[in-house]
Amino acid sequence: MTSTTRLTVAQALVRFLSAQYTERDGARHRLIGATWGIFGHGNVAGIGQALVEYGDVMPYHQGRNEQAMVHAAVGYARQSGRLSTHAVTTSIGPGATNLVTGAALATINHLPVLLLPGDVFAARPADPVLQQLEVPYAGDVSVNDCLRPVSRYFDRITRPEALIPSALQAMRVLTDPVETGAVTLALPQDVQAEAYDWPDEFFAERTWVVRRPGADPTELAEAVRAIRGARRPLLVAGGGVHHSRAEAALAEFAAVTRIPVASTQAGKGSLRFDHPQDVGGVGHTGTATADELARTADLVIGVGTRYTDFTTASGTLFAHPDVRFLNLNIAPYDGHKLAGMPLIADARSGLMELTAALDMHAYRVAASYLAEYTEDKERWEQRVDACYEADEPDVRPTQPQVLGVLDALVDESDVIINAAGSLPGDLHKLWRARSRDQYHLEYGYSCMGYEIPAAIGVKLAAPERRVWALVGDGTYLMMPTEIVTAVQEGGAIKVLLVENHGYASIGGLSEETGAERFGTAYRHRAADGTFTGAPLPVDLAANAASLGMRVLRAKTVSDLREALAEARDADTPTCVYVETQTADTVSGPPPAQAWWDVPVAETATRPSAVKARELYERHVSTRRRHL
C-alpha cells in the first residue's frame, strides 16, 4: 500500500520544490534555492502559510515589486549557471500581471524562473472575487493567462492531484537547456488551501541531469570542412558560451586555431579582454576591430548566439559576398538561423570536438590574418584608453570616464550589471572583461529597472563577490524600490547612479531619426509647451538615501575615484551618485561602428526627418538576406 501524507496543495508544492536538484559535470545543486513573495488575499493563506510551515527547508525573501522579484530570481539563476533559481509567489490581480515583464525577460534570455501567481477560485463560490477580470465569453480565463505567451510552460492547477504531473513537467522545463525560461503554475486561491493525501514518493529527492549533448558526426565533419576551407573565419560568442560554462573550451579553440573571437552583449567575457584572439563586442555597439572582421569574414561561426539585430547590424554587417554561417547551438531553432550550417550540440562539447578535429589537421589561420586583427585590436585599445583618460581630474566626468575610473578599480572578482540606456553601448565597446562572469548585461529584453534587483540576486548567489549595479537616472526612476530589499537583506551591493537628466540613449536615437529628442529630457515645460526648460529639481541621491542606502556624492573625476574605492570596500549597500558632463549628449564614446534599423518617417516636412530618411534608405539598401 502506498504511504501518503495529508497536506494542502501549497504545503505539498513547497515540500516538493525543496527536494529538487540539478546535476551537471558531477556537481549537484539545489534547483529552487529560495522563494520570493509579496502576499495578498490570493496567496497569503496558501503559499504564505506553507512557507511559514516549511521555513526550515524553503528560505524566503521579501520583495517590494513583483516584477523586481522576478529580476532578482533571474540574476540569481544567471550567476548560478542556470543550475539553480528562485520561485516567485504573488497574489491574484495586479500582483500576478506585474510578473509579465519579468517573465518575458527570463524567457527571452533563456534563464529559468518559477512563477507561482495566485488565481481566482476554481470552485467559483463567489464570482467575481476581488481583482477578478470577468471574461464574458470564457469562464476559465483569468489575468494569469497573460503569462502564457511569455512562459515556456504554463498550467493552472484546478485540482490537487493535478499538481503532481504539472510540477514534474515544470521541473523538466526549468532544467532543459533548450527549453528553459519562465515557468508558470497558476494557483487558484481555494485550491492552494485544499488538503489532499499525497503519495510520499512525490516528496522524494529528485536530481535532474542537465545534458551536454555532443555533435552529430556528420554535422561535425561538415563543420570541420567548412572551417578548414575558410580564409577569414570569425567566431561570434553568444550567451550560450556562458550558460554551458564553455569559456575554457573556447579559449583552447581560439589558441589552437587563432580564429578571432567577437562577442555579443550576452557573450562578452567569454574570453578575457587580453586574450590574443579576443576582438571585443560585435554589431551595432561593437568595436571597429570586430565589425571590420565581420564585414570581411567568409565564415561566421556562431556559438550559442541568437543573432539578434544588434549583432547582425540589422542584416547589414556580414557583407562578404560568399559568407557562410556555421552555428554551434544546443537549440535547433537557433542553429538553423541565417540559413546556416547547424552543429547542434552543447557549446562546451561542440567546441572541444571541433578543437580536437582541427588540431588533428593542424589547422591555423594565416599569419597575415593574425597580424591584421592583432594590430587592429591594439589600435582600438588605444581608443579605449583615450575615452577613459581624464586630463582634468577636477571637472565633471563624461560617462566613458566614469567607466574608466571603475575599470581601473575592479578586478576579476567584481560583477558589473546593466541592462538599458546609453550604458550598454559604452560597456560593449569599452569594458575590459576580466572573468567569465564579470560582465552581466541583460540585453535580450533590455529592461529598465533590472539592475538593482538583479544585483541582489547575484549577491545571493555569490555573496563573496563585489556586485555593481550601473544605473542611469531614467532606469533608476523605473524601479528603485528594491533598495529597501537590499538594505533588509544586508547584501552589500554597490549602485553606481549616473545622472544625465533624462533618457539620453533614446534622446540620441531620436535626434538621428528626425524626432529631435522629443520627450526624452527631464526638464520643466517651457512657455511654448515643450519640455525644454530648466532641469527638474529631482535629487536621486537623496531618494536613495531615504530608502536606507548609504550614498556617496561625486562631483569630479577625483571625487569619483575616492567614492568608488570607498564603495567597493563597503560592507553595507552603498550608492555612488555622479552627474556626467553634457546632459544633451549620450556619452562621447566612439560612434556606432555598424548600423541598427529603427524606421524613419517616410514622409515629413521637418528638415531633420527628411535628412534622416535619406540616410535610412541608404543603409536599408545594404541589407541582405542570408540564404
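Let me begin by describing the structure that accompanies this report. Because the structure is predicted, anything quoted here is derived from the model rather than measured.

All told, the structure shown has 12 aromatic pairs when counted by the stated rule. Consider the rings of Phe318 and Phe325, whose centres lie 5.4 Å apart with planes at 85 degrees: the pair is edge-to-face. Each residue in the set Phe16, Tyr196, Trp198, Phe202 and Phe203 is aromatic and connected to the rest through ring pairs, giving one cluster. Its guanidinium or amino end placed over the ring of Tyr439, Lys268 lies 5.5 Å from that ring's centre, counting from NZ or CZ. The ring of Tyr577 carries Arg553 above its face, with NZ or CZ at 5.9 Å from the centroid.

A full pass over the atoms with the stated rule returns 32 salt bridges. Asp407 is the partner of Arg434 in a salt bridge, and the nearest nitrogen-oxygen pair spans 3.2 Å. Remark: Asp407 occurs in helix α16 (residues 399-409) and Arg434 occurs in the loop between α17 (423-430) and β19 (439-441); sequence separation between them is 27 residues. Its salt-bridge partner being Arg613, residue Glu617 comes within 3.0 Å of it at the nearest N-O pair. Remark: Arg613 and Glu617 occur in helix α24 (residues 607-620); sequence separation between them is 4 residues, near one turn of the helix. Classification of Glu617 by relative accessible area gives partly exposed; the value is 43%. Among the charged side chains, a network of salt bridges with common partners joins Asp25, Arg212, Asp346 and Arg348.

Next up on the list: the nonpolar core. Counting residues in each nonpolar core, the largest one holds 53 residues, and the members touching the most others are Ile227, Leu235, Phe253, Ile301 and Leu351. Ranked by size, the runner-up nonpolar core spans 45 residues in total, among them Val70, Ala104, Val150 and Ile456.

Moving on, we come to a nonpolar patch on the surface. On the surface, a nonpolar cluster with roughly 250 Å² of combined accessible area is contributed by Phe39, Val44 and Tyr60. Considering the arrangement of structural elements, one finds Phe39 in the loop between β4 (32-37) and α2 (44-53). A relative accessible area of 34% means that Phe39 is categorised as partly exposed.

What follows concerns the pairing of strand β11 (residues 206-209). The two faces of β11 differ: Arg206 and Trp208 on one face are buried, but Thr207 and Val209 on the other face are not. As paired elements, strand β2 (residues 20-24) and β11 share 4 bridges and run parallel to each other. By the bridge assignment, Thr22 is partnered in β11 with Trp208.

What counts and what doesn't
Residues numbered from 1 in each chain as written. Predicted model: local features only at pLDDT ≥ 70, side-chain atom pairs only at ≥ 80, totals over all residues. Heavy atoms only, no water. Phe/Tyr/Trp six-rings, centres within 6.5 Å; stacked < 30°, edge-to-face > 60°. Lys NZ or Arg CZ within 6 Å of the ring centre and 35° of its normal. Salt bridge = Lys/Arg side-chain N within 4 Å of Asp/Glu carboxyl O. Helix = DSSP H or I, 4+ residues; strand = E, 2+ residues; numbered from the N terminus. Buried < 20%, exposed > 50% of the residue type's maximum accessible area, 1.4 Å probe, protein only. Core = buried A, V, L, I, M, F, W, Y, C linked by side-chain atoms within 4.5 Å. Patch = residues over 30% accessible without salt bridge, like charges linked within 9 Å, V, L, I, M, F, W, Y side chains within 5 Å. Areas by Shrake-Rupley, 256 points an atom, 1.4 Å probe, with all protein chains shown as cover. Pairing = 2+ DSSP bridges.

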